[in-house]
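The primary structure of each chain is shown beneath.
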Amino acid sequence: MSLHLYIPGPVQVSERTLQAMTQPPVGHRSPDFVSLYQSIQPRLQDLFYTTGPVFLSTSSAWGVMEGCVRNLTRKRVLNCMNGAFSDKWHDVSLRCGLEATALQFDWGQPVDPEALRRELATGAYDVVTLVHNETSTGTMSPLDDLAAVLREFPDVISVVDAVSSFSALAIEKDRLGIDVLLTGAQKALALPPGMALFSASDRAFERAAKVKTRGYYFDFHEFLRNHEKGMTPSTPVISLIYALRSKLDDIFSEGLEARYARHARLNAKVHGWVERNGFSLLPRKEFASVTLSCVENTLGIDVPAFNQVLKDRFSCVIDGGYGKLKGKTFRISNMGDETDASIDALVGYLDAALEESGTAKA
Ligand SMILES: *Cc1c(COP(=O)(O)O)cnc(C)c1O
């Protein structure tokens with residue numbers, strides 16, 4: 001029997017989504033593919049809150065994250081860092097041979113708009129990277145405030161990773177003036193892993209046109225040229241595009257507002273469990289993610305033993321903490337297709353596992 005994944009990616013994939021993937025592939029240069037590609041564009045644009053193109057990259061999100069710094073940096077990139085994913089983006093920038101500066105905040109803290117403004121005011125940068133929802137710490141940075149700061153610096157291209165928040169709440173790309181917004185398949189979209197989605201502004205294409213070392217696989221202009229024909233640069237993961245089309249049917253039949261409200265409601269249920277049991281969240285409540293809860297292990301429980309009970313008795317798993325937070329925190333996802341029933345069930349399992357594992361040391 002398979003395990004229900006309450007980890008923050010890859011998340012649980014529905015039977016309906018899995019079924020959608022079983023259709024045979026079509027030729028990726030065929031009219032059938034073009035109509036598949038074009039049929040999903042309008043709904044993708046609605047989800048990205050953009051009038052621009054939405055691209056499909058056959059890669060995990062990291063491919064596009066690396067591609068962004070390679071396509072867009074001429075001078076120097078500022079990497080805002082407050083957790084494992086945003087920290088790694090700085091390392092990736094350096095590994096691409098780029099001039100890069102770290103704007104570091106403690107893990108569990110959000111990115112501070114004032115600090116961002118001070119740093120950008122030096123005039124040293126032409127690109128900023130920002131992770132909206134730091135999945136490693138369950139921390140959501142204040143995107144409206146950060147975007148307002150970024151709009152003060154029109155020569156700086158903004159790149160926002162919304163990998164674990166996209167489609168769980170409104171991220172209004174065009175209104176916020178975000179140049180590049182990117183996400184992955186296996187987080188809140190609840191698709192199997194293997195695809196990333198991104199949208200880029202005219203300014204981003206203008207910048208990329210001046211960069212000689214864009215490479216091929218993630219070249220923004222390759223994406224744009226092919227997009228205009230209803231295609232991707234190379235053979236895409238067609239079965240995941242079928243799954244995405246089916247997911248868009250799900251999303252728009254539920255309705256965006258209902259989807260966002262569901263994520264907030266299920267997140268609050270997990271927070272309720274956290275508080276009832278005397279745990280606390282790692283970030284301050286106002287910056288807590290709506291898609292996952294990063295729980296500080298304030299009771300000193302044996303997290304691996306706790307998770308083993310969940311697995312053996314209840315056929316589900318949570319995450320035992322990311323990187324240096326392993327064991328000090330654990331993470332519970334409520335993103336994607338989770339329902340009141342599935343989260344209520346989880347809360348019951350968590351209560352039972354806490355008791356049965358006898359792991360509460362406090
Ligand atoms: C999962 C995740 C990534 C990386 O995604 P991959 O699909 O593994 O490349 C990047 N950023 C954030 C915030 C994530 O949660």
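Higher on the page you've got the structure.
Let me sum up the structure you'll find in this document.

Cut-offs applied
Residues numbered from 1 in each chain as written. Predicted model: local features only at pLDDT ≥ 70, side-chain atom pairs only at ≥ 80, totals over all residues. Heavy atoms only, no water. Near = heavy atom within 4 Å. Polar contact = N/O pair within 3.5 Å; in protein donor to acceptor, adjacent residues only side chain to side chain. Areas by Shrake-Rupley, 256 points an atom, 1.4 Å probe, with all protein chains shown as cover. Helix = DSSP H or I, 4+ residues; strand = E, 2+ residues; numbered from the N terminus. Nonpolar A, V, L, I, M, F, W, Y, C, P; charged D, E, K, R; others polar. Salt bridge = Lys/Arg side-chain N within 4 Å of Asp/Glu carboxyl O. Buried < 20%, exposed > 50% of the residue type's maximum accessible area, 1.4 Å probe, protein only. Core = buried A, V, L, I, M, F, W, Y, C linked by side-chain atoms within 4.5 Å. Contact = heavy atoms within 4.5 Å. Pairing = 2+ DSSP bridges. Axes fitted to C-alpha atoms, helices over the stretch in contact; angles between N-to-C directions.

Moving on, we come to the site of the ligand. Near the ligand there are 13 residues, and of these Ser 60, Thr 135, Asp 161, Gln 186 and Lys 187 occur at the shortest range. For the ligand, an oxygen atom lies 2.5 Å from a polar atom in the side chain of Ser 60. Within the side chain of Gln 186, an N or O atom sits 2.8 Å from an oxygen atom of the ligand. Expressed as a share of its isolated accessible area of 380 Å², the protein-covered part of the ligand is 90%. Residue contributions to the shell around the ligand peak at three residues, all from helix 3 (residues 61-72). Its residues assigned to classes, the shell around the ligand comprises six nonpolar, five polar and two charged.

Quick look at the pattern of salt bridges now. Applying the stated criterion to the full structure yields 23 salt bridges. Residues Lys 285 and Glu 275 are paired through a salt bridge, measuring 2.8 Å at the closest nitrogen-oxygen approach. Within this pair, whereas Lys 285 is found in the loop between strand 11 (280-281) and strand 12 (292-296), its partner Glu 275 is found in helix 11 (residues 256-276), the two being separated by 10 residues in sequence. Residue Glu 275 is classed as partly exposed on the basis of its relative accessible area, which comes to 49%. Overlapping salt bridges, with partners in common, bring together Arg 16, Lys 247, Asp 250 and Asp 337 in one network.

Another aspect to go through is the nonpolar core. Ranked by internal contacts, the top residues of the largest apolar core, which has 76 residues, are Leu 116 and Leu 182. Residue contributions to this core peak at eight residues, all from helix 10 (residues 238-254). Beyond its immediate chain neighbours, meaning those up to four positions away, Leu 116 contacts Leu 78, Cys 80, Leu 103, Val 128, Leu 146, Val 149 and Leu 150. Of all hydrophobic cores here, the second largest spans 26 residues; its members include Val 270, Val 274, Ala 288 and Leu 354.

Neighbouring strands of a sheet are bound in pairs by backbone hydrogen bonds; such pairs are parallel or else antiparallel. One open sheet holds the seven strands; their spatial order is 2-10-9-8-5-3-4, and the pairing between them is mixed. This sheet does not close on itself; its edge strands, each paired only once, are strand 2 (54-57) and strand 4 (100-104). Taken over all neighbouring pairs, the strand axes of this sheet differ in orientation by 20° on average, direction set aside. Pairing analysis gives four bridges linking strand 2 to strand 10 (residues 196-200), with the strands arranged antiparallel. If you follow Leu 56 over to strand 10, its bridge partner there is Leu 197.

By the secondary structure assignment, Thr 58 is in the loop between strand 2 and helix 3. You can call Thr 58 partly exposed: its relative accessible area is 26%. Separated by 175 residues in sequence, Thr 58 and Pro 233 place their C-alpha atoms 9.7 Å apart. With residues up to four places along the chain from it excluded, the contact list for Thr 58 reads Gly 194, Tyr 217, Thr 235, Pro 236 and Val 237. In terms of polar contacts, Thr 58 uses its side chain to reach the backbone amide nitrogen of Val 237, at 2.9 Å.

Fair warning: the whole summary comes from geometry, so function is off the table for now.
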